[in-house]
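# Coordinate analysis (summary)
Given next are the chains, with one letter for each unit.
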Number of protein chains: 8
Amino acid sequence: MNRDGLKKLLEEVRAGRIDVDEATRRLARLPFEDIEVARVDHHRELRLGFPEVILGQGKTAEQIAQIAERILTESSNLLVSRTTEEVFRRICELAPDAEFHPQARMISVQRDRTERGYGTIAVISAGTSDIPIAEEAAVTATAMGNRVSRVYDVGVAGIHRLFGARQDFESARVIVVVAGMEGALPSVVGGMVSVPVIAVPTSIGYGASFDGLAALLGMLNSCASNVTVVNIDNGFGAGFVASLINRKR
Amino acid sequence: MNRDGLKKLLEEVRAGRIDVDEATRRLARLPFEDIEVARVDHHRELRLGFPEVILGQGKTAEQIAQIAERILTESSNLLVSRTTEEVFRRICELAPDAEFHPQARMISVQRDRTERGYGTIAVISAGTSDIPIAEEAAVTATAMGNRVSRVYDVGVAGIHRLFGARQDFESARVIVVVAGMEGALPSVVGGMVSVPVIAVPTSIGYGASFDGLAALLGMLNSCASNVTVVNIDNGFGAGFVASLINRKR
Amino acid sequence: MNRDGLKKLLEEVRAGRIDVDEATRRLARLPFEDIEVARVDHHRELRLGFPEVILGQGKTAEQIAQIAERILTESSNLLVSRTTEEVFRRICELAPDAEFHPQARMISVQRDRTERGYGTIAVISAGTSDIPIAEEAAVTATAMGNRVSRVYDVGVAGIHRLFGARQDFESARVIVVVAGMEGALPSVVGGMVSVPVIAVPTSIGYGASFDGLAALLGMLNSCASNVTVVNIDNGFGAGFVASLINRKR
Amino acid sequence: MNRDGLKKLLEEVRAGRIDVDEATRRLARLPFEDIEVARVDHHRELRLGFPEVILGQGKTAEQIAQIAERILTESSNLLVSRTTEEVFRRICELAPDAEFHPQARMISVQRDRTERGYGTIAVISAGTSDIPIAEEAAVTATAMGNRVSRVYDVGVAGIHRLFGARQDFESARVIVVVAGMEGALPSVVGGMVSVPVIAVPTSIGYGASFDGLAALLGMLNSCASNVTVVNIDNGFGAGFVASLINRKR
Amino acid sequence: MNRDGLKKLLEEVRAGRIDVDEATRRLARLPFEDIEVARVDHHRELRLGFPEVILGQGKTAEQIAQIAERILTESSNLLVSRTTEEVFRRICELAPDAEFHPQARMISVQRDRTERGYGTIAVISAGTSDIPIAEEAAVTATAMGNRVSRVYDVGVAGIHRLFGARQDFESARVIVVVAGMEGALPSVVGGMVSVPVIAVPTSIGYGASFDGLAALLGMLNSCASNVTVVNIDNGFGAGFVASLINRKR
Amino acid sequence: MNRDGLKKLLEEVRAGRIDVDEATRRLARLPFEDIEVARVDHHRELRLGFPEVILGQGKTAEQIAQIAERILTESSNLLVSRTTEEVFRRICELAPDAEFHPQARMISVQRDRTERGYGTIAVISAGTSDIPIAEEAAVTATAMGNRVSRVYDVGVAGIHRLFGARQDFESARVIVVVAGMEGALPSVVGGMVSVPVIAVPTSIGYGASFDGLAALLGMLNSCASNVTVVNIDNGFGAGFVASLINRKR
Amino acid sequence: MNRDGLKKLLEEVRAGRIDVDEATRRLARLPFEDIEVARVDHHRELRLGFPEVILGQGKTAEQIAQIAERILTESSNLLVSRTTEEVFRRICELAPDAEFHPQARMISVQRDRTERGYGTIAVISAGTSDIPIAEEAAVTATAMGNRVSRVYDVGVAGIHRLFGARQDFESARVIVVVAGMEGALPSVVGGMVSVPVIAVPTSIGYGASFDGLAALLGMLNSCASNVTVVNIDNGFGAGFVASLINRKR
Amino acid sequence: MNRDGLKKLLEEVRAGRIDVDEATRRLARLPFEDIEVARVDHHRELRLGFPEVILGQGKTAEQIAQIAERILTESSNLLVSRTTEEVFRRICELAPDAEFHPQARMISVQRDRTERGYGTIAVISAGTSDIPIAEEAAVTATAMGNRVSRVYDVGVAGIHRLFGARQDFESARVIVVVAGMEGALPSVVGGMVSVPVIAVPTSIGYGASFDGLAALLGMLNSCASNVTVVNIDNGFGAGFVASLINRKR
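In what follows, the accompanying structure is described. For every chain, the first residue of the written sequence is number 1, and numbering continues from 1 onward in sequence order. Chains carry letters and ligands carry numbers; both start at the beginning, A for chains and 1 for ligands, and go up in the order they are written. Where totals are concerned, whole chains, interfaces and linings use all residues; where local detail is concerned, this predicted model gives features only for residues with pLDDT of at least 70, and gives and counts side-chain atom pairs only at 80 or more. To get the side-chain values, take all heavy atoms of the structure and skip hydrogens and water.

### Structural notes on the side chain of Asn77(B)
Residues and elements named next belong to chain B. Here Asn77 lies in strand E2 (residues 77-81). At a separation of 2.9 Å, a polar atom in the side chain of Asn77 contacts the main-chain amide nitrogen of Arg111. Side-chain polar atoms of Asn77 contact the backbone nitrogen of Asp112, separated by 3.0 Å. Helix numbers and strand numbers start at the N terminus; a helix is a DSSP run of H or I with at least 4 residues, a strand a run of E with at least 2. Here a polar contact is recorded for every N or O atom pair within 3.5 Å, except that within protein the pair must consist of a potential hydrogen donor and a potential acceptor, and residues adjacent in sequence are included only if both atoms are side-chain atoms.

This is the structure:
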């Protein structure tokens, strides 16, 4: 129930069409309905170009299809993460305009392509093995209405490659940096720009990388003050926050 | 605002004494006021013999005295944890009937001594070094209106001592077991009784005890199904939950 | 041998029907028989509506069937945890009234349905992926003679859902809260109620969740004093302890 | 050397006033001089209302004073973190308008008070013990030209307090959430808003908090997609990034 | 070269049958030859009833057969650990008297059955899942010429079972205790006897057992002074050391 | 109550001098009394030349003196570990023949100097910083009636020193090896002898030694099969177990 | 652009054949082009007998073949690590002189066999299971133009084997030591020689080896000052650095 | 005993001046004496410009003075690490030409200043707080007869500083890189040069740096193949190995 509904109910009470006991009963549940309203607001907010996102992992193709169908009745856009080509074929039956992003392992439907970011989001990855996570960030940011600039395979052990690509990220409004192994790239990029850098550690590596722990700790201890960190392999989260930072107001 | 207040407001609306806009404005804030009511309920609940608790750690004697003064205007009982004799002397100025529990490092004021538990709470400790944490649990449970039975220094490496003391804990409604080092005691006790056992790992030990981690992991992996665990050295929490379990309804 | 048996033996000795040497021999084993008695008592206690539980993991269908057969000769109820549909079909040959709980991965036989708890046990889960563990707790509590209220998919990132469901758990005698990822839900629930909360961390998550470690540590450090914790994914343990807390005396 | 300097050099070469070998020698060092230029650009960027920051930890009062003196000849503003009142007295000799922020342990000089953020930055803290880190974030954000809204002591175990304070943070452009122990607050706040949330774990806690590790892991595993994380106790970093996000373009 | 060989060489030198340079050359390599001698002594020592042991893990059936063949030319006994029935069939071609121990996953050939221990070695296991590791210890100790007493499934949560079996281990010269989960059994056993206890943590458990880490830490922190520990799942090592302790002199 | 006492009681029952109810009551407590007997046996065992040991850490001089006084009335020998010279002076008032071992931080009274081991115990340490822990083992073994051979400062980075000292340990019945840093010494020693080796990791080291964790893990993973491990810095435990292994039967 | 290209450009400017604006534009990109030059230099350096290396892991046979083809147009030598025999067959189509090293899981093409090291590189391994990693180091060093001496299966638990093989490594210019389990071998070898020792921990082991962590920590804490460490299982890195150390100047 | 001594002994045997039994007795101890010879060789090697090093930590000024006195009778040079100015004053009494290096916390006596390295050793540090460890490496390398080039405060967050200083390290024969926090600098430097890089993690940092663990893991996972790692804060070890690499042959 939103503010208008509330007003209408009170007018019914005033007019005597709803008695006080009935209104009391209805309003007693208001706190949560009102929060429900908040949820609706929140949803409306999100619908402003931001897709509802389905985490594909651990769901069957059929379950994903059901959720997708419900979302697409209310929303122009859709995003499915950590999914497969098999799910994509199932989604195509509902939405023939769906796209599959094999590296990012994502499905997107983007009927509303309004640009909602006022700058560019750069997505930088250290190694070729980090590209799937970088793509997850890039596809998410694109689906949320942003221009995205990809700068891949510019790890710190060949720092000239990063310098050579500087023009591709130095004018971005926010930068996502994806790296495994020692996770040093966000610090270097962070020192070269004056915008927020979102660091994504990946589980790429072996031995003392401990499935991304080394990269995670490295990024948390970055000597560059403009770096924040998300979970290991959380390309989606990085793309999501980057979109919020870049969002037009 | 509770249900009666809500009804009254609606009647005022119906009677035309409060206009719809004003009522809408008031009700829009209702969720949180209602939650506010919940808080008051919650407080009332707690006041039913359960003292307000002040965590003494990191507060000055003067800060503790101020909070204590405010509590004692509304409440019969008071509990201060992780505190010192110096604070106790300051509290005595406010409440000459305050007691100091040096081992538990707690201060209690207990003007309302109604018994609120319907059984006994047994507090068992493995070693003499674990006694301060055991006492923190015991003093908390006593302050919350329970009969408490203490069984100390019955570690598993002398299992006959535990058996010898069985009559002191086998009729308890809930048992708190405090142990450092390998933390094995809760499993043994858990296998001897059919009531809930709350395990408290302590930081007692050295080397590979890693400040209580060994005891904590041991307790979490207990092969006795009736064991739950609280944080390392959290005697207060164990005494608190034990009291909730033992509370008369 | 219980107290009556002991008395009878002594009377036989007194009456000269059993000689002293024979009685000495029998009694020399008494400590353990007496403990055996304790075990029998313990069993009797458990039989009062509490099923014998078989941990299915690592046992063959045939092994489980043999244990189940022995239990069902002495006991009305049976519970098998971490099992499969294949085992269920085998158990059905013994007990056609057996039920399979696919989400909880449990089999139950419940011929004695006496209600043994005096309140309700609420089982709350954060995400849909946590439901199998939540169901393990719920099925256990049901099998042990409790009324169970399920509140699923109310994670903290959509706190209004939890508030909306408040009526379903705020009158419970004890609450089991199941959550993976950051494990924040028990703290929030703990702050809303004044009954014991048993927190179950799950291994749901990825990256820095470290197979449930993040959730486990979060729950152990809960700022709500009424929270205790069991092992990662230990839904059975949580349901078991909740039943002990809720047991009628 | 900037582009103009480069052009001038080439004109000198063309005019024959500088010979080719000399020009070659000068240009061979160009990459680093140009990067040097970048550094100057970078500095100019930072000077646009962003203070130079001195990390006080591990430096003597005299060392800090010398660096501060140099900064204040070029810059209107100054910020010293992790410092003491003794250092403050030394800075006052240089800058009588310096301010000391005892909770944040920071010194600021703010001669240029241009507002550079276009929204508000909210800083939320869970417990009273987390306030020093929250203040570090708040003072940093203020010094960088932002309006800051403080919402303190609203931990998740009393969720109604957070709801009661919602109006103080729901319109912010970016939110910093500071929490120790289980670190659950960022997830709850993250679920209530649609702006970026920067989570700061603190080392507040004991036992299984492992000096902030529990809070850190909790935040990294947040089920709210708009949460990013900085290092344990890194209030400055959070305030810095929040300012970059909020910066007018 | 042993002492006699050395003496003979010197006598040849004295007699002028070997010249000084040649003798110098031979003796320059003496350190390692002498150590070589030590190795031979060491081997002789081991041959006194102790089988050569082949770690089967990571070797093909053919490789194991080749090593076994070489051992059996010099030695009466043979032991292969962490192996399979397939390897057993291959070994049977060489040694039709070989035995396969399926639970222990070991093959033994024991042609020399001299008893070499002067007491009994007891092997105690906590749960049924720990039996394979316990069997590895028991088969090793048997193969090394010891009488072995097995006491299985006497975990601490049913302490009466351990007491009931006391006569089976209280007269042992050394005890191996195998336990997973919380690893509490060695402490309890250690407190009941006055002989050395060798604790073997197993990887049995789930969640916070962290593949045996919880049991390992528990055992290292044992409050019983007569407990030493071997690696997780190292039943062979425990059986080996127990045999050395029990060896007749 | 032992078997004779039991028989006597039954005869009294038979003779009618004790009635059945009284006898039942007495026998109901038998399990624990019998265990009590076990405790006495255990004590007698220990008294056979093994001192009662007081852990000095965390006890006042006065507390230690009181326990020591009680022990010395029943026992010839006494051992206090982790203690100070101040405590020693206090003990001297009770036992002027007490000795202080400053490196081991132990006090011993040894009135009964019967030799109880049939071989020698060698105590080997890697570095000079490990000597206090090595001395704790050596003093314990001496106080328990063993001949002890000390071989100090023979770390693996100068392996010739270890070889040079071989005659001092190769004839020992059991060897204690104390090492910090990488903890490699027990593996090397273990490979040179065919007796049990008890490895004691020490907290000596810095950085990635993590307070002895590196040495502990190294020792647990020893490739020598005759190595078992005790807790970090647990020299006493190693000396105690070594004495049990070496004990005459 | 290298120094010659730069000079040529300036001469064109001087001669008026390129105007100043065009030259400015070209030079503005110089920093990175110059770094590009550095890269080329770097490549030239590497081409001096050092193969380009392809990490095979995670690449298809086709991808590897494409990269290999490109390398072999510019370079005489090629090295593929962590690869398979299937890839080898594909490479043979391009380079019939390719060799496969099954233990090292590497493919090499070595058309330029100039010796580039001035001493020998010794590669020592502790156990037979460590040989694949040792071979990775040895094959890398050979491919980089070094004489390599292999000393395998000389673990510390049979130290005489290491001594017996001393002549095979004591004259090396640099030594690579590969060990799993406790990782003690580098310390022992380090103490026997006065050249750099590169320690490679392997993931060989079980239980508390924690996938190579025990060996890694042991090596980092080596008491021999001439030991440095690379990542777990990083035989390639060790062989690479050893080659750089041994390189003729 | 060296080869000449051995020959002389044999000649005495031949000449009948030493009888065979006596010679046998002497030679029986040869292995270790020969190793003793090796030790002397080793010492001679080290004396070739390499100082004996005393680890000052945990030794009294007097103990250090005694060891220093002994070293200076045989050796021209001396190095004391982790020491204090007080020890320096004591050493000055023995060696008035001693120098104190306050940042490195080292004392050196360098009477033999022969240059023993054929190239330069560069020591690079990331932050000013890392300088003490960098100085420890630099002073060690200087004392071992090397030219040392220091490049300090060139952390990756201001990568242009590192580029600006490139000429100071790009011609070095070996580079030591010292960094705390995220430990990213060795990877960047490693990618810029083709010589061995020795990475030294420092304990500088806070929170998730976990006393240097983050830097350590980062360096072990370096994507640059020419990086090896020493223990946290082990500047001495890095300087020592760098000297061995740079040593003239």
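### Here we look at the relation of the copies chain F and chain E
The atoms used to superpose the copies are C-alpha atoms, taken from residues with pLDDT of at least 70 in both, and the fit is least squares. Turning chain F through 180° and shifting it by 0.2 Å along the axis lays it on chain E, with an RMSD of 0.3 Å. One copy is carried onto the other by what is essentially a two-fold rotation axis. The C-alpha atom lying nearest the rotation axis in chain F is that of Val229(F); the distance is 2.4 Å. Contacts are residue-level and defined by heavy atoms, with any inter-residue pair within 4.5 Å sufficient. Interface overlap between copies is the fraction of interface residues in one copy that are interface residues in the other; for chain F against chain E it reaches 100%, indicating a shared surface.

### Quick word on the interface of chain F and chain E
Each partner contributes to the interface: chain F provides 33 residues, whereas chain E provides 33 residues. Carbon and sulfur atoms supply 61% of the area buried between chain F and chain E, which totals about 2700 Å² over both sides. Every case where a carboxyl oxygen of Asp or Glu lies within 4 Å of a side-chain nitrogen of Lys or Arg is listed as a salt bridge. Taken together, the links from chain F to chain E amount to zero salt bridges. On the surface where chain F and chain E come into contact, there are ten residue pairs in polar contact (both at pLDDT 80 or more). For the side of chain F that touches chain E, the secondary structure elements donating two or more residues are helix H3 (30-47), helix H9 (213-220), strand E9 (227-229) and helix H10 (235-246) of chain F. Residue contributions to the side of chain F that touches chain E peak at seven residues, all from H10(F). In this count, Pro and Cys sit with the nonpolar residues alongside Ala, Val, Leu, Ile, Met, Phe, Trp and Tyr, while Asp, Glu, Lys and Arg are called charged and the others, Gly among them, polar. Broken down by class, the residue content of the side of chain F that touches chain E amounts to 18 nonpolar, ten polar and five charged. Buried surface area refers to the total accessible area, computed with a probe of radius 1.4 Å, that the two partners give up upon joining, counted for both partners together.

### Here's the deal with unusual backbone geometry
Positive phi, close to 60°, is recorded for Asp211(E), a residue that is not glycine. Looking at where Asp211(E) falls in the secondary structure, it is placed in the loop between strand E8 (197-201) and helix H9 (213-220). For Asp211(E), a relative accessible area of 59% translates into the label exposed. For Asp153(H), which is not a glycine, the phi torsion comes out positive at approximately 65°. Structurally, Asp153(H) can be placed in the loop between strand E6 (147-151) and helix H7 (159-164). Its relative accessible area of 32% is what places Asp153(H) among the partly exposed residues. Exposed residues in this analysis have more than 50% of their type's maximum accessible area, buried residues have under 20%, and partly exposed residues fall in between, with area computed by a 1.4 Å probe over protein chains only.

### Remarks on the packing of aromatic side chains
Each pair of aromatic rings is reported with the distance of its centres and the angle of its planes. Aromatic contacts are taken between Phe, Tyr and Trp rings whose centres are within 6.5 Å, Trp giving its six-membered ring; a plane angle under 30 degrees counts as stacked, one over 60 as edge-to-face, and the others as tilted. As enumerated under the stated definition, the model contains 20 aromatic pairs over all chains in all. Aromatic side chains Phe88(B) and Phe100(B) sit 5.4 Å apart centroid to centroid with 25° between the ring planes, which places their arrangement in the stacked category. Placement of Phe88(B) in helix H5 (residues 85-94) and of Phe100(B) in strand E3 (residues 99-101) is noted, with a sequence separation of twelve residues between them. Among the residues examined, Phe88(B) registers a relative accessible area of 17% and is labelled buried. A ring is considered to have a charge above it if a Lys NZ or an Arg CZ atom is located within 6 Å of its centre and within 35 degrees of its normal. Of note, Arg82(C) hangs over the ring of Tyr206(E), and the distance from its end group to the ring centre comes to 4.4 Å.

### Observations concerning the environment of Asn226(E)
Residues and elements named next belong to chain E. Locating Asn226 in the fold gives a position in the loop between H9 and strand E9 (227-229). As for Asn226 and Gly191, which are separated by 35 residues in sequence, their C-alpha atoms are 8.2 Å apart. A distance of 3.1 Å separates a polar side-chain atom of Asn226 from the backbone oxygen of Gly190.

### Details of the interface of chain E and chain G
In this assembly, eleven residues from chain E lie in contact with ten residues from chain G. Roughly 970 Å² is buried in total at the junction of chain E and chain G, and carbon and sulfur atoms are behind 64% of that figure. Taken together, chain E and chain G are joined by three residue pairs in polar contact (both at pLDDT 80 or more). For the side of chain E that touches chain G, the secondary structure elements donating two or more residues are helix H3 (30-47) and H9 of chain E. Sort the elements by how many residues they give to the side of chain E that touches chain G and H3(E) lands first, with three residues. Of the residues assigned to the side of chain E that touches chain G, the class counts are five nonpolar, two polar and four charged.

### Focus: the relation of the copies chain E and chain G
Between the two copies of this chain, the relationship is a rotation about some axis together with a displacement along it. The transform that puts chain E on chain G rotates by 90° and translates by 0.0 Å along the axis, for an RMSD of 0.4 Å. What the rotation and shift describe, once combined, is the action of a four-fold rotation axis. Across chain E, the rotation axis passes nearest the C-alpha of Phe210(E), at a separation of 7.3 Å.

### A few points about the pairing of strand E6 (residues 147-151) of chain B
Residues and elements named next belong to chain B. Where strand E5 (residues 120-125) and E6 come together, five bridges link them in parallel fashion. The residue of E6 that forms the bridge with Ala122 is Ser149. For the crossover from E5 across helix H6 (residues 131-143) to E6, the handedness is right-handed. Two strands are counted as paired when DSSP detects at least two bridges linking them. Handedness of a crossover: with both strands directed away from the viewer, a clockwise path from the first strand across the helix to the second marks it as right-handed.

### Things to note about the packing of helix H4 (residues 61-74) of chain C against helix H5 (residues 85-94) of chain C
Geometry of a packed helix pair, given as the angle between the helix axes and the separation of the axes. Residue and element names in this part refer to chain C. Look at H4 against H5: their axes get within 9 Å of each other, and the N-to-C directions meet at 35°. For the crossing formed where H4 meets H5, the hand is right-handed. Of the residues in H5, those in contact with Ala61, Glu62, Ile64, Ala65, Ala68 and Glu69 of H4 are Glu86, Val87, Arg90, Ile91 and Leu94. In this analysis an axis means a line fitted to C-alpha atoms, helices contributing only their contacting stretch, and an angle means the value between N-to-C directions, from 0 to 180 degrees. Should the near helix be turned anticlockwise from the far one by less than a right angle, the crossing is termed left-handed; should it be turned clockwise, right-handed.

### Comments concerning helix H4 (residues 61-74) of chain F
Residues and elements named next belong to chain F. Multiplying 1.5 Å by the residue count of a helix minus one yields the expected span of that helix. Over its 14 residues, H4 runs 21 Å from end to end, which matches the ideal 20 Å to within 8%, given 1.5 Å per residue. Along H4, the residues that are buried comprise Ala61, Ile64, Ala65, Ala68, Ile71 and Leu72. Projected down its long axis, H4 carries its buried residues within an arc of 130°, all on one side. Facing away from the buried side of H4 by over 90 degrees, the exposed positions are Gln66, Arg70, Thr73 and Glu74. Arc definition: it is the arc formed by the directions from the helix axis to the C-beta atoms.

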